[in-house]
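# Structural description and commentary
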Amino acid sequence: MTGMTTPNASTPRANGRSKAERERYNPQTVEPNWQARWDEAGVFVTDNEDPRPKYYVLEMFPYPSGRIHMGHVRNYTMGDVVARYMRAKGYNVLHPMGWDAFGMPAENAAMQNKVHPKDWTYANIDHMRGQLKIMGLSLDWTREFATCDVDYYAQQQALFLDFLEAGLVTRKTSRVNWDPEDQTVLANEQVIDGRGWRSGALVEQRELTQWFFKITDFSDDLLEALDGLDRWPDKVRTMQANWIGKSQGLRFAFEMTKPTHGHDGIDVFTTRPDTLMGASFVGLSPDHPLTKALAEDNAELAKFVAECHRLGTSEADLEQADKMGFDTGLTVKHPLDPNWELPVWVANFILMDYGTGAIFACPAHDQRDLDFARKYDLPVTDTFVSLTNPSPVENDAFVPQKSEKVKWINHFAGLDEATGDEAVDKTIAFVEDQGWGEGVTQYRLRDWGISRQRYWGCPIPVIHCETCGVIPVPKEDLPVQLPDDVTFDKPGNPLDHHPAWKQVPCPKCDGPAGRETDTMDTFVDSSWYFARFTASKAETPTIPDVANAWLPVDQYIGGVEHAILHLLYSRFFARAMKATGHLNMSEPFKGLFTQGMVTHETFKGEDGRWLFPEEVIVEDGKARHVDTGETVTIGSIESMSKSKKNVVDPTTIIETYGADTARWFMLSDTPPDRDIEWTDAGAEGAHRHIQRVWRLVQDVAARTAAVEDAKPEAFGETALSLRKTSHRMLHLVADDIEKLAFNRAVARIYDATNQLGKALASDDSDPGLNWALREAASFLVEAMQPMTPHLAEEAWVKLGHETMLTTKQWSEVDSTLLEDDTLTLPIQVNGKKRGDITVAKSADKETVEALVMNDPEVQRLLNGATPKRVIVVPQRIVNLVV
RNA sequence: GCGGGCGUGGUGGAAUUGGUAGACACGCUGGUUUUAGGUACCAGUGGCGCAAGCCGUGGGGGUUCAAGUCCCUCCGCCCGCACCA
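Residues numbered from 1 in each chain as written. Chains lettered and ligands numbered in written order. Predicted model: local features only at pLDDT ≥ 70, side-chain atom pairs only at ≥ 80, totals over all residues. Heavy atoms only, no water.

A few words now on the sheet that holds strand E20 (residues 462-465). Across the sheet, four strands lie side by side as E21-E20-E23-E22; this open sheet has antiparallel pairing. Pairing within the sheet leaves two strands with one partner each, and these edge strands are strand E21 (469-472) and strand E22 (503-505). Taken pair by pair, the neighbouring strands of this sheet meet at an average axis angle of 40 degrees, ignoring direction. The pairing of E20 with E21 spans four bridges and is classified as antiparallel. (Pairing = 2+ DSSP bridges. Helix = DSSP H or I, 4+ residues; strand = E, 2+ residues; numbered from the N terminus. Axes fitted to C-alpha atoms, helices over the stretch in contact; angles between N-to-C directions.)

Written out as structure tokens, the structure is:
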């Protein structure tokens, strides 16, 4: 670790102020001790029958990659603060943990290291569970499961069968990236420059028949219900809404001049029917059925289509690629003018998955269309012009704001001056009236393809029979268990190479049949685990009464990278589980919080290789290698990643400083939704605060050991001020935690710590001060309990309390101490602060104005002038306009 | 390309949601104590200026008595885009 010193826990420290010998706080012994005591007392085991109001707090469960990383520490610390706080507020809190354990890395490990995915995964889980346990998280480990446990995926198969029966599952083809050497499907990110990431083979596009969940059945509901998710971040709601992508438009067919290959028209969908008079050409997706038919007897077109497919399947790739087109030579008739013929082109930027896979292009008002038209010298016809600057389109398409009024050129559908929105409505009505097209609602959302041609996933419980076709596995035959005896020495899916597992009689006709060898997308596993935690050992997917009592999750916390897919799939699953009787609600997560990433500086050696932080020593802004002394370049601050080696191991941090320091650091300074930079200096700072609190607590304990429990009648100035500070602190920390503003709670605690230190050092002889000191220290420790629970427990005992702090209810504060009866109002002259005045808090406008005008300081400021206006905002500000 | 977000001292950030910009912390400077040192404690710390004061929340413009906050515009950076989890 760069520049990091290891605190020597055993050396007693002297203090410059009092010289009293104090014990140094030693997390290495204190933390395991309290973890054991919580464990013995079972304080985090949650009872489903507990009569108190429920609160379900959940963090996104980890993938067992091998080690916990700092992102997990941040995520689980936040969740733990909420869980501990809500327990202190009297709720029956469910705070479980499990493992998102299926997925590709286990298979990669199997191929690279000849270790079975199951062994690899469970070994990782064991290791990571140990890492989590030393964090002191208040988790109910009795509910733990991994998604690769047979007990879990068996229930997932039952859900699949129920969904299938309910008509929520379908089979259709879809296009995938196929690595011909590894015989496997590749994710877009695994295709690098058109080649497979592992094999280096040229990637092909293949059509595969796959299983899909019909998430599009719920498109509108998934969209509409976003409005009700008022405890979700707006950005996530917006992203989901855009992902679902509802749009109104016109669907109609262009009549082909000469029918061919069984097509006599081309169906198009457009969200801008008002631009029909600017139509330049009709564009087909390379995957459009007509394109395919034409390519069969047109080698050049086939070559063009193949070229388009080399771009990959991702939307970003397609839309960013240079525009490419192929003139089919076909023409279609414009619907408003049979003599107007438009050429039909195949274009690489047209998506088959959206609309009909065919468009008409209006280059004047769409940049992509314009780029294409300029490249292939196709006509560009303005349909409307700006009212302020009515110049014809050259190389920038004129795309006005939807609410901007423009001047129509062709008077199509009676348009003259209108906004785009009005024009769309008008043209749809016009076309519908004429009867050659209809207004339709289109969604960008596609059905969820769940088939994966891999071993380490939940088997899809169906059987393919030569005579009966696709037959669901009867529920009584579940689970369809993954065979253990598989090898990874052949390319492709091991389940395909396992005849003994694959071959089964047809459940219907008993004839020869084979199991489906595809497994489910791991997103399926994570789409209902939150429901499983409510009854993780049940012999049905859920126990509906129990699940319905616990759900929805009151606070869900995780990375923003899941803002769309995981959260949308989970919302779909809740609806599908409701439809099949496993749940009675549609929205799984009432409150959502997306935390930022953990970042760190990057380091590079002289030869450009990445270096781990512990290989580097930084002094005076210059870095060198810890062993060789070579010059090290300090790079940008980036999200911690193995590839750049800018990682800090949580276990090392906890062994060095203790879990409380790691937790405190993660909550300090940076707002939880922003990226946080891990620095050694910050960790040292966090640790110093822990030590400081422990010192203060010891001083308070020593000084107040003989203090009576009874509250004194009166307090002196120092004591009163201290009491105000600590009551306000406890009150506001609660408020901050409820708003998940942990960084603000931390700042208040620092402030209260400073005040406690000052009061402790004061020579005030007030007999009530000692009582107030103990109260303030107790409040401080109580406020810190959700964040640094081990220190808090230890300090609580030190202060003479006998109950376990973790199970204590949050103290009531004295509301009379929360507010002062006077306050200081700033006085502005022409909006600039020139002074202030102290007034009674209850003072009304007139009183304040009179006081201000009679204030000598104000009279000096005005220098004889009379203000034109006096603005008094009670309890806020006074502004004199002169 | 489309969609989303962010921008405040040397640094992380705060700002009661339109009302005293810079709370709190890191760092730095000076001092005190003790120690070999880390540590602890006290004071200071947005910029310019001797001062009165002026300037200051990515740039420019606007609304308002009042703008970090609202509107317009430009710039920069980050994230997502459907088989990674």
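Time to look at the packing of aromatic side chains. The geometry of an aromatic ring pair is captured by the separation of the ring centres together with the interplanar angle, meaning the angle of the planes. Evaluated as defined, the whole model comprises 47 aromatic pairs. Ring centres of Phe 102 and Tyr 153 lie 5.6 Å apart, and the angle between their planes is 45 degrees; on these two criteria the pair is classed as tilted. Taken together, the residues Phe 102 in the loop between strand E2 (92-94) and helix H3 (104-113) and Tyr 153 in helix H5 (residues 150-165) connect sequence positions 51 residues apart. Here Phe 102 matches Tyr 153 in class, with each residue buried. Taking the centre distance of 5.6 Å and the plane angle of 85 degrees together, the rings of Trp 345 and Phe 372 count as edge-to-face. Highlighted residues: Trp 345 in strand E12 (residues 337-347) and Phe 372 in helix H11 (residues 367-375), separated in sequence by 27 residues. Phe 372 sits in the buried class, given a relative accessible area of 0%. An aromatic cluster of at least three residues, connected via ring pairs, comprises Phe 160, Phe 163, Trp 211, Phe 213, Phe 218, Trp 448, Phe 523, Tyr 569, Phe 572 and Phe 573. For Arg 84, the ring lying beneath its charged end belongs to Trp 38, and the centroid distance is 4.6 Å. (Phe/Tyr/Trp six-rings, centres within 6.5 Å; stacked < 30°, edge-to-face > 60°. Buried < 20%, exposed > 50% of the residue type's maximum accessible area, 1.4 Å probe, protein only. Lys NZ or Arg CZ within 6 Å of the ring centre and 35° of its normal.)

To continue, consider helix H7 (residues 234-244). Here H7 has its buried residues at Val 236, Arg 237, Gln 240 and Ile 244. Viewed along the axis of H7, the buried residues span an arc of 100 degrees, placing them on a single side of the element. What points out from H7, more than 90 degrees from its buried face, is the exposed set Asp 234 and Asn 242. Buried residues along H7 sit in contact with helix H6 (219-224), helix H17 (565-579) and strand E26 (592-595). Phi for Gly 245, located one or two positions after H7, is positive at around 60 degrees. (Arc of directions from axis to C-beta. Contact = heavy atoms within 4.5 Å.)

All right, on to unusual backbone geometry then. Cis geometry marks the peptide bond from Leu 478 to Pro 479, where omega comes out at -5 degrees. As for its position among the elements, Pro 479 is in the loop between E21 and helix H13 (499-502). At His 261, a position not held by glycine, the phi torsion is positive, near 50 degrees. Positionally, His 261 belongs in the loop between strand E8 (247-260) and strand E9 (263-270). Exposure remark for His 261: the relative accessible area of 35% places this residue in the partly exposed category. The phi dihedral of Asp 377 falls on the positive side, at around 55 degrees, and the residue is not glycine.

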